[in-house]
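Summary of the model geometry
Here's the letter readout for the chains.
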Amino acid sequence: NPQPASTFFTMTAAVSTNPPPSNAAALSATASSEARYLATAVASWYVNTIDPYAPHAQNIESRLRHPVHVVTRRILYGNVIAA
């Protein structure tokens, strides 16, 4: 029974309240750890909600695209609330 993406974002919304790093190209150890945690959480969520009967491209578009955008924004700009 797949969980909606909003459930994933609710679970990860409180991960970090740190301000964005002064140089987004060089993450601090804490920011790097948080980014790795988020990426692992997204991958785990995706594997648990994938539709085994849908084509790969459809699974990516319908399930993974938005979470990857949110994680990317959080890495680049800090704690961005998922919309």
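Residues numbered from 1 in each chain as written. Predicted model: local features only at pLDDT ≥ 70, side-chain atom pairs only at ≥ 80, totals over all residues. Heavy atoms only, no water.

Moving on to helix α3 (residues 56-77). Counting along an α-helix, one turn takes 3.6 residues, and residues three or four places apart therefore face a common direction. If you check α3, its first and last C-alpha atoms are 29 Å apart, about what 22 residues at 1.5 Å a residue would give, namely 32 Å. Maximum bend of α3: about 50°, positioned at Leu64, with proline Pro67 one to four residues after it. Considered for burial, the residues of α3 that qualify are Asn59, Arg63, Leu64, Pro67, Val70, Val71 and Arg74. Phi turns positive one or two residues past the end of α3, at Gly78, with a value near 100°. (Helix = DSSP H or I, 4+ residues; strand = E, 2+ residues; numbered from the N terminus. Expected span 1.5 Å × (residues − 1). Bend = angle between axes of the 7 residues up to and from the residue. Buried < 20%, exposed > 50% of the residue type's maximum accessible area, 1.4 Å probe, protein only.)

Looking at the protein chain as a whole, its pLDDT mean stands at 74, while 61% of the residues score no less than 70. Predicted confidence in the protein chain is weakest over helix α1 (residues 5-12), with a mean pLDDT of 50, and strongest over α3, with 88. (pLDDT = per-residue confidence, 0-100.)

Counting residues in hydrophobic clusters, the biggest one holds 6 residues: Leu38, Val42, Trp45, Tyr46, Leu64 and Val71. Of all the elements, helix α2 (residues 29-49) adds the most residues to this core, at 4 residues. Leave out the neighbours within four places in its chain, and Tyr46 touches His56, Asn59, Ile60, Arg63 and Leu64. (Core = buried A, V, L, I, M, F, W, Y, C linked by side-chain atoms within 4.5 Å. Contact = heavy atoms within 4.5 Å.)

Our focus in this paragraph is the environment of Leu76. Relative to the helices and strands, Leu76 is located in helix α3. Residue class for Leu76 comes out partly exposed when judged on its relative accessible area of 40%. On a C-alpha basis, the gap between Leu76 and Ala35 in space is 10.0 Å, while along the polypeptide they are 41 residues apart.

In this section: the packing of α2 against α3. Interhelical geometry of α2 versus α3 gives an angle of 160° and a closest axis separation of 10 Å. It follows from the interaxial angle that α2 and α3 lie roughly antiparallel. When you trace α2 past α3, the crossing you get is right-handed. Contact residues: α2 offers Ala35, Leu38, Val42, Trp45, Tyr46 and Thr49, while α3 offers His56, Asn59, Ile60, Arg63, Leu64, Pro67, Val71, Arg74 and Ile75. Residues belonging to the contact of α2 with α3 are distributed by class as follows: 10 nonpolar, 3 polar and 2 charged. (Axes fitted to C-alpha atoms, helices over the stretch in contact; angles between N-to-C directions. Parallel < 35°, antiparallel > 145°, perpendicular 65-115°, else oblique. Left-handed = near helix turned anticlockwise from the far one by under 90°. Nonpolar A, V, L, I, M, F, W, Y, C, P; charged D, E, K, R; others polar.)

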